[in-house]
Amino acid sequence: KANTEKNKLLPRLGAVVDVTDNISVFANYSEGLRGQPFALFSGTPEPEETRQREAGVKVDTGNLTGQVAIYHIDRSNVAISDPASFTRSLTNGEERSRGFETDLTWQVTPSINLLGNYAYTDAEFTKNASTTVLSGNQLQGVPKNSARLWANYNFASLGVSGLSAGLGAYWQSEAYVDNANTFKADSYHTIDAAVNYQTTRYNLGLTVKNLTNEDYY
């Protein structure tokens, strides 16, 4: 059993500036520190540390709301598999994630609402963490591109208060399934649907995912 103890000042800074009544710009910086759960380690593990920077623009015109943001996240002391052991891990990984994301909501009519978002993520190891996890390797399970489009219809205009239904699609590009980047899963898309009924006292919802029975990892 290994015990780790570390104290560190973790700053969090942020600011928002209203450029106009409808447009704001923002920026923030934060650091994090956490333990290493759910793993056995070769030696005493170091706590994982993160540093995050983000900046972007927010828009709210009444019918159209959303934001665009760029970000950069560095992680150190990341747990990876120990190549000398099948059951233990090491805390010598370093990762960097950077990219941008955007999401927009458009109230087309009082009954129709559209939501769209897109994210680009470049997540990779930034040092040789082991003989198989090399600098430049992409993080497992993280697609470089992902997007969602969703349409929602509110039946209040037809005299059915509280009832709404939605239909949407999700897509993501191919992604590695291991940190050694030996195997890669193909890109895929799914079609999803939902029905929701809401009152002042309760909210009932039913969601059906992958209507087209897409096979994906």
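All values reported here derive from a predicted model rather than from experimental measurement.

Draft legend 1. The arrangement of the overall build of the chain in detail. The helix and strand tally for the chain stands at zero helices and 13 strands. From first element to last, N terminus to C terminus, the chain shows the α and β order β-β-β-β-β-β-β-β-β-β-β-β-β. The C-alpha radius of gyration of the chain comes to 22 Å, more than 25% above the 17 Å expected for a compact globule of 217 residues. On the principal axes, the C-alpha backbone points of the chain span a range of 65 × 45 × 35 Å. Within the chain, contacts between residues at least 6 apart in sequence are counted, and of these 50% link residues at least 24 apart. Split by element, the accessible area of the chain, about 13800 Å² in all, is 54% carbon and sulfur.

Draft legend 2. Spotlight on the pattern of salt bridges. Overall, the coordinates contain eleven salt bridges when judged by the stated rule. When the shortest N-O distance is used, the salt bridge between Glu 31 and Lys 8 registers 3.9 Å. Taken together, the residues span a long stretch of sequence, with Glu 31 in strand 2 (residues 23-34) and Lys 8 in the segment before strand 1 (12-18) at a distance of 23 residues. A residue is classified by how much of its surface remains accessible, and Glu 31, at 15% relative accessible area, is buried. By relative accessible area, which is 38% here, Lys 8 ends up partly exposed. Note that Lys 8 is salt-bridged to Glu 49, the shortest N-O span being 2.7 Å. A residue pair is termed long-range when its members are at least 10 positions apart, and Lys 8 in the segment before strand 1 and Glu 49 in strand 4 (residues 48-60) qualify at 41 residues.

Draft legend 3. Representation of the pairing of strand 12 (residues 188-198). Both strand 9 (residues 163-172) and strand 12 contribute to a ladder of ten bridges, which runs antiparallel. For Leu 163, the partnering residue across the bridge sits in strand 12 and is Tyr 197. Inspection of the sheet shows strand 12 paired to strand 13 (residues 203-208) by six bridges, in the antiparallel sense. Across the sheet, residue Ala 194 finds its bridge partner in strand 13, namely Thr 207. Hairpin connection of strand 12 to strand 13: four residues between the antiparallel strands.

Draft legend 4. Structural view of the side chain of Asp 178. Tracing the chain through its elements places Asp 178 in the loop between strand 10 (175-176) and strand 11 (184-185). The buried charged residue Asp 178 lacks any salt bridge, with Lys 184 as its nearest oppositely charged partner at 9.9 Å. A distance of 3.0 Å separates a polar side-chain atom of Asp 178 from the backbone nitrogen of Thr 182. Each residue touching Asp 178, except ones within four places of it in the same chain, is listed here: Gln 138, Gln 140 and Phe 183.

Parameters and conventions
Residues numbered from 1 in each chain as written. Predicted model: local features only at pLDDT ≥ 70, side-chain atom pairs only at ≥ 80, totals over all residues. Heavy atoms only, no water. Helix = DSSP H or I, 4+ residues; strand = E, 2+ residues; numbered from the N terminus. Rg over C-alpha atoms; globule rule 2.2 N^0.38 Å. Contact = heavy atoms within 4.5 Å. Areas by Shrake-Rupley, 256 points an atom, 1.4 Å probe, with all protein chains shown as cover. Salt bridge = Lys/Arg side-chain N within 4 Å of Asp/Glu carboxyl O. Buried < 20%, exposed > 50% of the residue type's maximum accessible area, 1.4 Å probe, protein only. Pairing = 2+ DSSP bridges. Lys, Arg positive; Asp, Glu negative; His and termini not counted. Polar contact = N/O pair within 3.5 Å; in protein donor to acceptor, adjacent residues only side chain to side chain.

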